Amino acid sequence: MRMLLRGAAALAAVVTVASLTSGAAAQPRAERAAGTIQSSAAAQIPPGVTAGIAVFDRQSGTFTEQVDDSAQFRSASVVKLLLALDFLWDRGPDYVIPAADRARLEPMLRGSDDAAADHYWSTYGGPAIIKRMLGRPEVGLRDTAAPPAEYAGFWGYTAISARDTVAIYRYILEKAPAPVRTFIMDNLRRSTRCSTTDHFDQHFGIAGSFDRPWAVKQGWSGKYAKGTCGSQATPSAAPAESGSAPRAAAVDLSRPALHTTGTVGADDRTIVAVLTLHAAGTSYGKAYTDTGRLTRSLNVPGGVRPAGTWFGTWGELVSVRRGPSTGTERITRLPAGVEVLVGCQTRGEVVSVPPYTNDWWAYLPQYGGFISNIYISSPDNRLPNVPECA
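Since this is a predicted model, take the numbers as computed values, not measurements.

### Considerations on the overall build of the chain
Across its full length, the chain holds nine helices and 15 strands. Taken over 390 residues, the chain has a buried fraction of 57%. Sequence-distant contacts in the chain: of pairs separated by 6 or more residues, those separated by 24 or more amount to 70%.

Put into structure tokens, the structure is as follows:
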């Protein structure tokens, strides 16, 4: 059931429908966002979210945000940074990465490719990789730990903390040989919107909260449904890294995890690590939205917010089109119920979801395309306080 209703009561009704059908947040809202970010008194953690947060300003040499930064979370794909570092360790300044390894490392860093991670984990000793990295004082890991013995094959079950994530980035940026730094960071700057393994939209958190330049390595693990993106994608179940249902462990291996890590600003000024766990049954769109709201609340020196207005959406796998018409190229599909940044709106093809119709389309600058306003949680066809596209 998909419809656009009018009036306060009608909006409440569509919110209820969205919550039941697509996992949208219970109270979609529009949020203004433009210009250089302001300092926040504290991170705003949405209800039901457990978070470990560390934001480090490399220019001042200080943390601007620290919330449970030593708490251990399962790393999900963030551990791929350690897999890449371990492979490149002591290779020498003149080392040329073999073509076969470049073909694995690049998609692992850019698109979070799981097959590549499987290769490096199984080829180079699995948990021994983590032990080697712990034994390297240059990196300075304090909270990281190999997966529990019964899950030794699950690289995503490596334990990590927000402050250790900052330490990893500081090593890459400040201590690693220049070729290693350049290779890793250049690939993180080229992060693809859709992951290569499960086609999940991975431009949440940092990537959605700040204008470039940024570089990101994201992570997700758990029983998410319909987190798919891409022009030809079909609904996807849980990511491969989540594995079978784990037994109780010191680090939570069951609740859905969504992590956003990387750098923001010119010269990689600020390192951001936001590790999150969400309630069982949380949809990918809601976790994506909650992680985005949390990240946008942080004090990130050098970070610039993209101009526009944030709105909730509803519907499953809503298409983002090249133009304001269903006849134009489909660029990608949205995770169900995710918030989107709207830059402007324009009239286009009439979209009908009986008994309602809407000829207004919203331009999403972060996707470079349009969605019909009928799928945006707003009581009117024309979105309030959003300019018309020039």
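And the narrative resumes.
### Digging into helix H4 (residues 114-123)
When we look at burial in H4, the residues that qualify are Asp-114, Ala-116, Ala-117, Tyr-120 and Trp-121. Across the axial projection of H4, the buried residues extend over an arc of 155 degrees, all falling on one side. Facing away from the buried side of H4 by more than 90 degrees, the exposed set consists of Ala-115 and Ser-122. At the N-terminal boundary of H4, the capping side chain belongs to Asp-113, with an oxygen 3.4 Å from the backbone nitrogen of Ala-115. The positive-phi residue at the C-terminal boundary of H4 is Gly-125, with phi of around 105 degrees.

### Re the pattern of salt bridges
Following the criterion strictly, the structure yields 20 salt bridges and no others. A salt bridge links Asp-86 to Arg-136; its shortest N-O distance comes to 3.3 Å. Of the two residues, Asp-86 is situated in helix H2 (residues 80-88) and Arg-136 in the loop between helix H5 (127-134) and strand S5 (159-160); the sequence distance between them amounts to 50 residues. Each member of the pair, Asp-86 as well as Arg-136, carries the same accessibility label: buried. With a shortest N-O distance of 3.7 Å, Glu-388 and Arg-382 are connected by a salt bridge. One network of salt bridges, in which partners are shared, links Arg-58, Arg-170 and Glu-174.

### Thoughts on the side chain of Asp-86
Under the relative-accessibility criterion, Asp-86 is labelled buried at 9%. Not counting residues within four places of it along the chain, the set of residues in contact with Asp-86 comprises Tyr-124, Ile-129, Arg-132, Met-133 and Arg-136.

### Details of helix H9 (residues 284-296)
With 13 residues, H9 extends 18 Å between its outermost C-alpha atoms, agreeing within 8% with the 18 Å of an ideal straight helix rising 1.5 Å per residue. Of all 13 residues in H9, twelve are buried, a share of seventy percent or more. Those residues of H9 that fall on the buried side of the exposure criterion are Tyr-284, Gly-285, Ala-287, Tyr-288, Thr-289, Asp-290, Thr-291, Gly-292, Arg-293, Leu-294, Thr-295 and Arg-296.

About the criteria used
Residues numbered from 1 in each chain as written. Predicted model: local features only at pLDDT ≥ 70, side-chain atom pairs only at ≥ 80, totals over all residues. Heavy atoms only, no water. Helix = DSSP H or I, 4+ residues; strand = E, 2+ residues; numbered from the N terminus. Buried < 20%, exposed > 50% of the residue type's maximum accessible area, 1.4 Å probe, protein only. Contact = heavy atoms within 4.5 Å. Arc of directions from axis to C-beta. Polar contact = N/O pair within 3.5 Å; in protein donor to acceptor, adjacent residues only side chain to side chain. Salt bridge = Lys/Arg side-chain N within 4 Å of Asp/Glu carboxyl O. Expected span 1.5 Å × (residues − 1).

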